[in-house]
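# What the coordinates show
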Amino acid sequence: MSTQERAEVWQKLFADADEEIVIGEAAVVDHDAITHLACWKPPADIGRYRNLRVVISVGAGVDQVPPLPEGVNLSRTLSPRIDQMVCEWVVMSALMLHRNMVTYIDQASRGIWKPHANLMTRETRIGVMGMGRVGLPVARCLKNMGFHVSGFSRSGRPNDGITTYGARDMDVFLADTNLLICLLPLTDDTRGLMSDAFFNKLPMGSRLVHAGRGAQIDMTALRSALDQGRIESAMLDVTNPEPLPENHWAWADPRIIITPHIASVTDYEDGARHVLEVIDADRNGRIIPGLVDSTLGY
Ligand code: GLV
């Protein structure tokens, strides 16, 4: 999935750091010489890299990486630019839903001049699922704008004065939310999470922002929730399946706006720097940045 332009940036940053880099599987002459592998998805024959120490996902997520051979660590890219980009997309989407923009864009396409009531930010109750490095800044930013904000995370640990619910209190969290933001990683616990039963726990007329992973949402359940008025409108950056086929009903549904998984795209320089930081930490016996806990899956 890499490009020539990206390869050049990586080559330069690696040369400046006095590290050797081989770009592309075809260029690997000696598999035994490779200790660190940066990729979106590792090659199927990963076992050939007998001295591999760490696989580094060039994205924020690692759900695309299959289980690795024993002893090989997995790191996800930590990048302030990724965090910033997701935050912008999510805040934009929350504001669009809060100010009825999905409806106005549909009305505009049909030449309809029809105002709807404006809510004050404090009247919109935002629930952020996933209160980690991406979700927490989103929650803080929206709270600073005056929205009522609560969080949901596996642990339910409170964050910066933002009420955060844990897995056992999911129902209370959903009942108290009318604009739901999903930023969860894809794990066994979150696959298929947004089902009929899940949507039914939200108040009628809720709004949805989804920038987690497509496999977390049942699109048929979303359609029923929209038809029942449970969900009023949605902004999706991830879909199920992904890419969404051209003839999928959701493209033409005026209650949904879809963007093609662009909330964040790994910046070349941040990506290469993260790889160099991982190598340095690994060589010097420090904890690898972005180390994934294989039992949690993120
Ligand atoms: C994008 O979704 C990423 O994982 O970086």
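Note that the coordinates shown come from a computational prediction; the quantities given were computed from them, not determined experimentally. (Residues numbered from 1 in each chain as written. Predicted model: local features only at pLDDT ≥ 70, side-chain atom pairs only at ≥ 80, totals over all residues. Heavy atoms only, no water.)

## Things to note about the packing of aromatic side chains
Within this structure, the stated rule accounts for four aromatic pairs. Measuring from ring centre to ring centre gives 6.0 Å for W10 and F14, while their planes differ by 10°; the resulting arrangement is stacked. Linking W10 with F14, this pair stays in helix α1 (residues 4-16), spanning four residues, or about one helical turn. Grouping residues by exposure puts W10 and F14 together as buried. A ring pair is formed by Y165 and F173, whose centres lie 5.9 Å apart and whose planes are at 55°; its orientation type is tilted. An identical accessibility class is assigned to Y165 and F173; each is buried. The structure contains a cluster of three or more aromatic residues connected by ring pairs, namely F152, Y165 and F173. (Phe/Tyr/Trp six-rings, centres within 6.5 Å; stacked < 30°, edge-to-face > 60°. Helix = DSSP H or I, 4+ residues; strand = E, 2+ residues; numbered from the N terminus. Buried < 20%, exposed > 50% of the residue type's maximum accessible area, 1.4 Å probe, protein only.)

## A look at the site of the ligand
The local shell around the ligand consists of W40, G59, A60, G61, R213 and H261. One of the backbone nitrogen or oxygen atoms of G61 is found 2.9 Å away from an oxygen atom of the ligand. Between the ligand and R213 there is a distance of 2.7 Å, counted from an oxygen atom to a side-chain nitrogen or oxygen. Alone, the ligand offers 190 Å² of accessible surface; in the complex the protein occludes 89% of this. A breakdown of the residues in the shell around the ligand according to their chemical character gives two nonpolar, three polar and one charged. (Near = heavy atom within 4 Å. Polar contact = N/O pair within 3.5 Å; in protein donor to acceptor, adjacent residues only side chain to side chain. Areas by Shrake-Rupley, 256 points an atom, 1.4 Å probe, with all protein chains shown as cover. Nonpolar A, V, L, I, M, F, W, Y, C, P; charged D, E, K, R; others polar.)

## Quick notes on the pairing of strand β8 (residues 206-210)
The element β8 is largely enclosed, with a buried count of five among its five residues. Burial along β8 is two-sided: the face carrying S206, L208 and H210 and the face carrying R207 and V209 are both buried. With four bridges joining them, strand β7 (residues 179-182) and β8 adopt parallel strand pairing. Residue I181 lies in a different strand from β8, and its bridge partner there is V209. Inspection of the sheet shows β8 paired to strand β9 (residues 231-236) by five bridges, in the parallel sense. Looking at the pairing, L208 lines up with A234 of β9. Crossover β8 to β9 through helix α7 (residues 219-227) is right-handed. (Pairing = 2+ DSSP bridges. Right-handed = clockwise from strand over helix to strand, strands pointing away.)

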